[in-house]
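Survey of secondary and tertiary structure
Residue-level listing of the chains:
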Amino acid sequence: EHAAAGAERPAALDNLMRSERYQVVVQMLDELTEARADAQAARARLADRLLCVGDDGGVRVGTGLGSATAMATLTTLLAASARACSVDASSAGLSADSASRLAGMCKRWQRIVHLDISNNSIKVLGARALVAALPDTGLETLVLGPKSTELRLQPEPESPAPSADFSGRGLGLAEVVVIAWWLSIRPARVARVTLSDNGISGASWDYMCGRWDDSDS
């Protein structure tokens with residue numbers, strides 16, 4: 001203020017500004033301002049990475065959906081929407097717990113008609129939670145597994161296929177739990193189900209090579 005008025009600064013203020021303590025305080029304030037700006041930029045990048053809403057109302061979820069922040073943001077988006085939408089949570093790092101919470105969201109908001117949880121390790125616990133919620137959701141299609149296997153939930157096809165071939169889809173026990181439930185709700189009996197070349201006998205999926213490391217599975 002003194003400088004703006006063209007007046008000389010008081011000697012005491014001059015001495016204070018030259019003091020080591022003052023310089024430390026100024027440095028701390030500068031670092032705090034810089035850290036705050038970095039935090040705001042990081043939050044913006046995180047929001048872009050976690051959730052992206054398309055023109056069709058679809059929500060694309062990025063890596064990290066399991067975090068409380070991402071789940072809260074997704075909840076806000078779904079609550080604000082009034083039209084049918086899809087949620088793409090493929091490769092989003094879902095755990096059994098976050099898959100369970102996502103299933104609860106689908107149950108709460110019936111307007112979610114498409115859910116993609118492919119390429120996630122939801123485990124059998126998460127699959128069971130999903131199966132428990134599915135009958136009370138408005139989902140029409142569900143995509144799961146390493147190779148994005150799609151299950152039509154409702155409405156059912158007019159002429160259900162007499163067989164279901166899931167061979168070589170990279171399925172694990174969690175996906176099989178969901179498929180078993182899906183088979184149980186079919187209006188027509190499925191005569192044959194093929195699950196060969198999947199990791200349901202203890203093999204593990206090699207994501208780098210795109211195959212099971214146990215040739216007998």
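Residues numbered from 1 in each chain as written. Predicted model: local features only at pLDDT ≥ 70, side-chain atom pairs only at ≥ 80, totals over all residues. Heavy atoms only, no water.

The subject of this paragraph is the packing of helix α4 (residues 96-108) against helix α5 (residues 123-133). Between α4 and α5, whose axes approach to 8 Å, the crossing angle comes to 10 degrees. Taken together, the axis directions place α4 and α5 in an arrangement best described as roughly parallel. Residues Ala96, Ala99, Ser100, Ala103 and Lys107 of α4 form the contact with α5, whose participating residues are Lys123, Leu125, Gly126, Ala129, Leu130 and Ala133. (Axes fitted to C-alpha atoms, helices over the stretch in contact; angles between N-to-C directions. Helix = DSSP H or I, 4+ residues; strand = E, 2+ residues; numbered from the N terminus. Parallel < 35°, antiparallel > 145°, perpendicular 65-115°, else oblique. Contact = heavy atoms within 4.5 Å.)

Within this structure, the stated rule accounts for one cavity of 30 Å³ or more. If you add up the space inside the largest cavity, you get close to 30 Å³. Taken together, Ile117, Asn120, Ile122, Leu144, Gly145 and Glu175 make up the lining of the largest cavity. For the lining of the largest cavity, the class distribution of residues is three nonpolar, two polar and one charged. (1 Å grid on protein atoms, 1.4 Å probe; cavity = no way out; pocket = protein on both sides within 12 Å on 5 of 7 lines; lining within 4 Å. Points joined across faces, edges and corners; volume = space filled by probe spheres on them. Nonpolar A, V, L, I, M, F, W, Y, C, P; charged D, E, K, R; others polar.)

Counting 37 residues, the largest nonpolar core has Leu102, Leu115, Ile117 and Val178 as the members making the most contacts within it. Counting residues per element, the ones that place at least two in this core are α3 (68-80), β3 (85-88), α4, β4 (112-116), α5, β5 (141-144) and α6 (173-184). Discounting residues that sit within four places of it in the chain, Ile117 has contacts with Ala89, Ser90, Leu94, Leu102, Ile122, Leu130, Leu142, Val143 and Leu144. (Core = buried A, V, L, I, M, F, W, Y, C linked by side-chain atoms within 4.5 Å. Buried < 20%, exposed > 50% of the residue type's maximum accessible area, 1.4 Å probe, protein only.)

If you check the backbone angles, Ser91 has positive phi at about 55 degrees while not being a glycine. Here Ser91 lies in the loop between β3 and α4. A residue is classified by how much of its surface remains accessible, and Ser91, at 38% relative accessible area, is partly exposed. Notably, Lys123 is not glycine yet its phi reads approximately 65 degrees, a positive angle. Structurally, the position occupied by Lys123 is in helix α5.

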